[in-house]
Structure formats: C-alpha cells, structure tokens
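# Commentary on secondary and tertiary structure
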Amino acid sequence: MNILDSPHQASTADEDPQGEKRKRDDMSAPEQPTGDPSLHALYKTSLCSYFRRDSGSCSHGSQCRYAHGEEELRPRPDNTWDPTSERAKKVIKLDNGDAKSKDSIEDGIMMTDDFVDDVDGDGPGGCLNPELSKCLVHLPRRWTSDNLRNFLRDQGIHFKSAKKKKGMTVGFVSFESTERLESAIEELEGKQINSNKIKVADVIPRSYDKKIKLAMDHPHDGSQVMESILGEENKGFSQSSDCVQHGDGNDEGLISKPKSARDAVTPLAHKSYDEQLQQKKNSIAQMLKKLTRSARKACPNGVSLPEWILKSREIGGLPCQLEGILQSPLINGYRNKCEFSVGYSLQGKPTVGFMLGNFRAGVTAVEEPVDCPNVSSIACKYALIFQEFLQHSNLPMWNRFKNTGFWRLLTVREGRLPGNVTTTESPVVNISEVMLIVQVCTMGFDDVLITTEYEKLANAFVTGAAANSPPLPLTALVLQDHQGISNVAPHDAPLHTLPLPNAKGGSEVDQTRKVVEARIHDHINNLRFSISPTAFFQVNTLAAEKLYSLAGDWAGLGPDTLLFDICCGTGTIGLTLAHHVGLVVGIEMNASAVSDANRNAEINGIKNCRFVCAKAEDVMASLLKEYLTVTRQQDKLGNGSGSSNNDIDTTEEIDVSSVNVLEADGNSSHEHKSGEDDSEFIDDGQESQNHIEKNCTSQSGSSVREFKNLVAIVDPPRGGLHPIVIKALRTNTHLQRLVYISCNPETLVANAIELCTPSADKVEKGNKKNRGWRNMSSAGLARHRVKSMPVSEPFRPVKAMAVDLFPHTTHCEMVMLLER
C-alpha cells in the first residue's frame, strides 16, 4: 500500500530526523479544490504529528492540513476519527464494552449516600444549593478537602465551601453569588491537573435528601420512611445523583442513564455466547501483539532479535500461535462465590447486591443481583434474606463516605457435588453446601447489642433457608471483623463462626455448643477439596477442570517430573496433576489456603505434595536451589538426610520453619467428617515428609533419574508475578518449561516481556533518583526491568489459549506455554 494512502500514515512519513515536519511538495499533496480549503475531504481529519510530540504548532502555520488539537479534529469521510485521537479511543472503548468513557462517567455519578452534607464532620455545606454549587470531575484521587481548598485559593477562586473525599475523583464547591460561580467556571473548565483536565458538572437537587438521612439515622424504621419517599417521589424520579453533567439543563434525558447491576457486572450478557467468545479471542490477540512489539523495543542494542519475533509477521504479529478459546461448560449461574455490597439503591432503599460502578468515580448506588446471569439463584436468595434483615437491624449499614457503620459485605460460597452439569441443567441441583461470610466493623459498638444482632442474624438466615422450597443448604455462618476503608480485608482479619440454631436447612450444633470449623467442599476432576472462608478457589468449577487439564497437557509431565506450583492457593492445580509427576512443590502466602492444601492432599490420599507458606519472592530461589543441589550432588546426599546446608542460603531456614508451622496448623485444625482419629493425619503428615525426603535423596542415588524434568506452573493474582520470582525463574537454567495461567492478560504480557526478551551483555544499574517508573505502563515497566536482568537464556512463547471462566463478562483466563 502506498504510504500516502491514509492521512495518518502520511503525517508520520513526513517527519524529518529532527522531529520537524517538512512541507509537502505540490506534487505530493492531494489536489485541493479552489476556494475554502476546509472543503477538502481530508482537511484536518488527522492530528499533526509535531503537535502530538511537542504540544505546539508546526512550521506550516495556518496552511497546515492537520489538526493541532481535539477541538480542530474533524471526522473522516467514512465517519471515523483519527485512530491516535482521544475521540477514536473513546469510540473503541464503547464498541468493545471494555470501559466507560469519561463523558459517561460524568453523566452518571450515582451517589446515594449523604456525601455533601458532612464529609469532613464540619457541618452542613453549601453544596446542597444547586444554583450556587458545582461538581468538579477528574480531580486526583489522593486529594482531600484541604487539597481542593488550597487548589481553589491558588487559582484565585472565591468559594463558600469545598468538599472532597479521598479516593474519589469528584469534589463539590459552593459559592456566595452567581457572579463568583460563573467566574469560577471560566477559570476552572479545562484546567490541567497532572494529566487530567477538570470538568465542571451541575449538581442536581434531591428533594428527599433529608428523608434519606432520616432513614439512615433510624434504620429500624427506615423501611417505612423509604416507602413514603418512593410514594411521593417516584413519579418524577430519574436518578439520585449528586452531580450530573448535562447540556440542556433538564432531566428528561437522564431517565435511561443509570446502569443496572446486569450492565455493570455482566456487560456482555446482551450478546450471544458465540459473540462473547469471539470478542474475547480478539481482545486476547490484541494483547499478545503488544508482547511482540514490547519485546522488540526492549531487545538490547547489538543483540539479535529472537526468532519468535522475526516469525511473528507470518502469524499477524502474534508472538506465538493462538490456539483459540475454550468455552465454559456452564454459562449461567456458574459462580460458586459471590460478594454482595451493602448500600442504598438509586431510590434510597437499603440493598444487598452489586455497585453500579466504580467508587473512585463517585458511584455508590447498589442494585439487587436478580438479573445477573452469572449469579446462582441460591446466592440471590441469601442476598435477599440479608437485605430484609438489614431493614430491621438496630445496627447501621456501612457508609463509604464517612467510613462508619457496622454491616459491610455478604459473601456466599457454594460447594458442589461431583459430576458434570450441562448448560441445559439447573446448576442449583448440584449445590450441596453453602457458607455465608458477613463482613462487619465492630469498632465503637456495644458488645451486648452486637451479640443480640448476631443471634437475630443467625435466626434470619436459618429461617429464610428453611422457608424456601426446596430448603436452601446452609453449612456455616462466619463473621469477618474488618475496620479498613476498603471492603478488601487482609488475610489475617479476625474470623468468628456463629452457631446455627437447629432448623430445617441449617447446620447442626453439638451439645457443648462448640461450633464446627467453617469450611465447605467442592470437586475438581473427582478430587474433593476443602475450602476455608478466605481461601482462593476458582469461581467456575467446571471450567477450572478444563483449565487445569490444559495446563497439565502443555506442561509435558511424567514420573520423573518435579512440578513447582507457584501461587498454588488450596493446591488445586498441583493436586489434580500429582498423579502425573514425581513430586509437587506448592508455594502460597495465605496460611489458611496452605492449611486447606495439606488437608486436601490428605483427603484424597495424595502424598507426593509439599506446600510452603511464604511469599514466592522470598523462597522461590532457595527452593529451586535446594532441589537442584540435591540433583547435582546426589553422591554427597546418599545418607538420606536431605539437601546439604552448605549449598543452601539462609532463606531456606525460614522456608523450612514455615513448613513445620503449617503442618502443625493443618494437624490442629483438621477434623474428619467421618469421625476418624486426628492422629492418623499427623502420621500421614510425617509419612508425607519422609516420602519427600526419600524422593529427593534416595540411598541408591537415583534422584537424577527421578527428577530430571523441572516444570513450573504459575497462577498469580491479577497483579502478576513479583520481579524477584521472575528473576528466579529466568536465571534457573534447569527450568526449561513454564506454563503461565493468568486472569489478567495484561500482566501476563508484562511478565512475559521480562521472561522472553534477550538480556544485554552488560547489565545496567538502575538510577535510584529516576522516578519515571511511577507513570509507566506495566509493559513499559517490564521493558525497563529487562535492562537489569542478569545474563541468562530467555524463554520463547510457544502457544497460547484462552479459557472462558467468566461468561457474560469481559474477563477470561489465558494460558501460555514458554520454553527454552
């Protein structure tokens, strides 16, 4: 294709080495009609390349055919925009359903908490007067009200009051007069703060604000107050937004603006499942192309490009072959774990469900999950039971703005019986166990009142479960005490199991009132897994079976394989593949999950697994060194006493002690459903440890034969692998095959850049004074880290495949095989 076929390509082709855009010759420029040059079809349909780089004008002056800002940009003849412009990016986001544009956020700040009344505890503010108030959007999240006030003073803005909640991107400002308000709008509109431009939005009054506040202050009779509110206000109600930007000043166009929980949680539910799979596959392909481009950029000077980069052009820029996408066996109601927020609906009703947007963007409205196709009917019914309980509770619901309240979150975890379920069957049929976790904040509340409310809560759940037809399963009720701002509680947050009264559909409590340990069970590949309240377990059990089978097939396992299961959780991957390998070593930082992993190994009679409780970055290098030292020095270890202490650094001592502690925890907390003696599990644990030592250092010196194949499977959280873990995997020459499972393809690409990019002959030392990394993307930061990667043989991408664990959403799991 000719380089001048498109205006964007032409603009980039006309740049000289100094960055200045040279003038076109009359022969190279398209023939322009006489008269007004703006009549030309391609006049200012693309951004000037010089403007994009330097944010200034070019040498062409007023005769330049390219736009020098978004306001000058015009649509092309085919009604498309320059792909490098912000307009085109917004259109792509809307078409893909990946995210809301900034404009849509401004048009839908759905707050139902009484934010503007008293954010900082300094009394009512003037923001309640909509005629003299404005909402500022795109403020820095770290700002508080003091930062906002200081900023306004620096700009010479005369205001009456200014309020902003830390962690949000919106703030409210009120003024003494209309003249000062109009002057402030002219000064603030488009003002640059960091990389964002401030938008000024209107504040829509809520005639029922005081009534909502009354309902919040008196939750025991709040339902009656809300009924009167809805009866009076429902006729002209559009949405309970504190601030909404609109053009004409009327509310008619706002009636359809609020999103539903279905749209917020399952944005692809309106598409057929085949269309969903195709969209996800295309999204994965685009993400993989970023790996090729980034690795090409990160390749050091003087080092030849890897062969997989050179061959990428043959497969459309992909780093490896994309095998396709595996669909979920169950499309609707597949989630075995649902977290329901506690808050107020758009109508101000106490609700248990899903938030309609991001809290940082100012969205706090909560809607019931009844129309969400990924949630099971059992989880919806328990959310409704809890919602009805909250309407009569004497303890308040959590207020996200003031960080006060008691009831915070409801988590419903379900355990299924073994056996396959087709998409035409109801998934509820196989649910045999249910665990409910209620997150609360007990700070500042009377213990007697709390105890009374706990008893009412247990009765409400048991009665509600028994009243359903058929009765709902209820195995355990757990309380989690969390005092942080976010609902994401730390792993060590206190847990308390509530006894459930004897009732149909409820769990039994023994005569001594001792509560049975809270846990449920699920099945993968006919293995039974015990799950504690906070342990990680894939939310789509049937699709997880496909995921783990695929990872095992690609790993190339055998009896002589030593498998490292990094970020193992409850041990699902390692245990499902244990019968294919000689030994599994799992690493997990969550002590509760490691305890479950040890228990799961015992339940299923698997003894060739070892689970270590630690951060992978702390023990990965020492564990690799331990087993590889054993392999290399088999003659010195023929006495069967384990690996040589001289060949292992001090971090291994921490590792061994952590294993011993975990085994003790697993023994003390282990309880057999069949009533077997706990001493059997202790003996099995000792036997398992002896079995590991025997495998590692046999008296015949056959460890080389047993573990000549070292394979790692990693399944990290959304943030990806720690750089130290990546370094340990990259620099270990005995590790030839790595299977990477990721729920966030973006972090997989970033980690793969470090694993697959050739290292420089000379390692660069980082500049400690350089803070540019703070603004880098994950891929850019990975390219930066490659410079300091020790000289080592890189991996190469072999193949990749997506697995749809989350139908109706934009997310999916991705599996990539790396070899060297």
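In what follows, the structure referred to is the one given above.
Rules behind the numbers
- Residues numbered from 1 in each chain as written.
- Predicted model: local features only at pLDDT ≥ 70, side-chain atom pairs only at ≥ 80, totals over all residues.
- Heavy atoms only, no water.
- Phe/Tyr/Trp six-rings, centres within 6.5 Å; stacked < 30°, edge-to-face > 60°.
- Lys NZ or Arg CZ within 6 Å of the ring centre and 35° of its normal.
- Pairing = 2+ DSSP bridges.
- Helix = DSSP H or I, 4+ residues; strand = E, 2+ residues; numbered from the N terminus.
- Axes fitted to C-alpha atoms, helices over the stretch in contact; angles between N-to-C directions.
- Contact = heavy atoms within 4.5 Å.
- Salt bridge = Lys/Arg side-chain N within 4 Å of Asp/Glu carboxyl O.
- Buried < 20%, exposed > 50% of the residue type's maximum accessible area, 1.4 Å probe, protein only.
- Core = buried A, V, L, I, M, F, W, Y, C linked by side-chain atoms within 4.5 Å.

### Let's talk about the packing of aromatic side chains
According to the stated counting rule, one finds 11 aromatic pairs in the structure shown. Through successive ring pairs, a cluster of aromatic residues spans Tyr382, Phe386, Phe389, Phe406, Trp407, Phe445, Tyr454 and Phe461. Against the face of tryptophan 398 rests arginine 408, its NZ or CZ located 3.9 Å from the ring centre.

### Quick look at the sheet that holds strand β2 (residues 161–164)
Across the sheet, which stays open at both edges, the four strands sit in the order β2-β3-β1-β6 with antiparallel pairing between neighbours. The open sheet terminates on both sides in strands that have one partner only, identified here as β2 and β6 (199–202). Each strand axis lies, on average, 25° off the axis of its neighbour in the sheet, ignoring direction. Note: strand β1 (residues 133–137) against strand β3 (residues 170–174), five bridges, orientation antiparallel. Note that in β3 the partner of leucine 136 across the bridge is glycine 171. On the sheet, helix α5 (residues 145–154) packs against β1, β2 and β3 and is oriented at approximately 135° with respect to β2.

### Description of the environment of lysine 160
Locating lysine 160 in the fold gives a position in the loop between α5 and β2. The spacing of lysine 160 and serine 174 is 14 residues in sequence and 5.4 Å in space, taken between C-alpha atoms. Look past the residues within four positions of lysine 160 in its chain and what remains in contact with it is Ser174, Phe175 and Glu176.

### Description of the sheet that holds strand β13 (residues 476–481)
Strand order in the open sheet made by the seven strands is β10-β9-β8-β11-β12-β13-β14, with mixed pairing throughout. Single-partner strands in this sheet number two, and they are β10 (366–367) and β14 (495–498).

### Observations regarding the pattern of salt bridges
In total, this model carries 13 salt bridges according to the counting rule given. Across the salt bridge formed by glutamate 453 and lysine 456, the nearest N and O atoms sit 3.7 Å from each other. Of this pair, glutamate 453 and lysine 456 both sit in helix α13 (residues 447–467), three residues apart, which is roughly one turn of the helix. The exposure class of glutamate 453 is buried, given its relative accessible area of 1%. Residues participating in the shared-partner salt-bridge network are Arg737, Arg796 and Glu819.

### Re the nonpolar core
Among the nonpolar cores identified, the biggest contains 59 residues, and Phe564, Met620, Leu729 and Met816 are the most heavily contacted of them. Of all the elements, helix α10 (residues 273–298) adds the most residues to this core, at eight residues. Setting aside residues no more than four positions away along its own chain, methionine 816 makes contact with Leu288, Leu291, Cys320, Trp554, Leu738, Val739, Tyr740, Leu748, Pro797, Lys799 and Ala800. If you look at the next biggest cluster of nonpolar residues, it comprises 50 residues, including Leu550, Ala551, Cys568 and Leu575.

It is worth stressing that arrangement in space is one thing and function is another; only the former is reported here.
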